[in-house]
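A closer look at the structure
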Amino acid sequence: MNRERLIQEAIKARQYAYVPYSRFSVGAALTTSDGRVFRGCNVENASYGLCNCAERTAVFKAVSEGADSFAAVAVVANTEGPVSPCGACRQVLSEFCRPDVPVYLADLKGNVKETTVGDLLPGAFGKGDLT
Ligand SMILES: O=c1ccn([C@H]2C[C@H](O)[C@@H](CO)O2)c(=O)[nH]1
Ligand SMILES: [Zn+2]
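Residues numbered from 1 in each chain as written. Chains lettered and ligands numbered in written order. Predicted model: local features only at pLDDT ≥ 70, side-chain atom pairs only at ≥ 80, totals over all residues. Heavy atoms only, no water.

Comments concerning the environment of Cys41
Inspection of the secondary structure assignment puts Cys41 in strand 2 (residues 37-41). A sequence separation of 16 residues divides Cys41 from Ser25, and the C-alpha atoms of the two residues are 7.5 Å apart. (Helix = DSSP H or I, 4+ residues; strand = E, 2+ residues; numbered from the N terminus.)

Here we look at the pattern of salt bridges
If you walk through the whole model with that rule in mind, you get 8 salt bridges. Ionic pairing is found between Glu114 and Arg3, a salt bridge with its closest N-O pair at 3.0 Å. You can see Glu114 sitting in strand 5 (residues 112-116) and its partner Arg3 sitting in helix 1 (residues 3-14), a full 111 residues away along the chain. Judged by relative accessible area, Glu114 falls into the partly exposed class, the value being 47%. Exposure remark for Arg3: the relative accessible area of 28% places this residue in the partly exposed category. Note that Asp100 is salt-bridged to Arg98, the shortest N-O span being 3.3 Å. The pair formed by Asp100 and Arg98 is uniform in burial state, with each residue classed as exposed. Via salt bridges that share partners, Arg3, Glu4 and Glu114 belong to a single interconnected network. (Salt bridge = Lys/Arg side-chain N within 4 Å of Asp/Glu carboxyl O. Buried < 20%, exposed > 50% of the residue type's maximum accessible area, 1.4 Å probe, protein only.)

Right, dumping it as structure tokens:
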């Protein structure tokens, strides 16, 4: 799946965002190495600290369905310029993606920043640090 189609999947995911508190809807989509696509939206909670970002929703959906190798990730929000994933999501993505996995960050106006999981979290703490 190419970049534009994965961004379209993230836009579709965004329509289900549950955001009564922030009113900030985010959609994410990822492809797996075996060609599957998983979508996620942010899901908030009255106990604000339990809010889950779109990126982590997509990753947890994928991992819980047996996927653990991702090929590309897209994230979309109605921002002025490409959305920036939070630190928690950068860390969770780094657990399941090689550093060279592309990440497409987009707004709804067609602005896209193409980066990688490694560039989003240089020096990530990972499996290899656990001795
Ligand atoms: O990359 C991001 C940034 C923020 N959020 C969510 C968390 C919360 O529900 C709302 C406001 O921070 O947006 C995401 O889902 N992804
Ligand atoms: Zn996040």
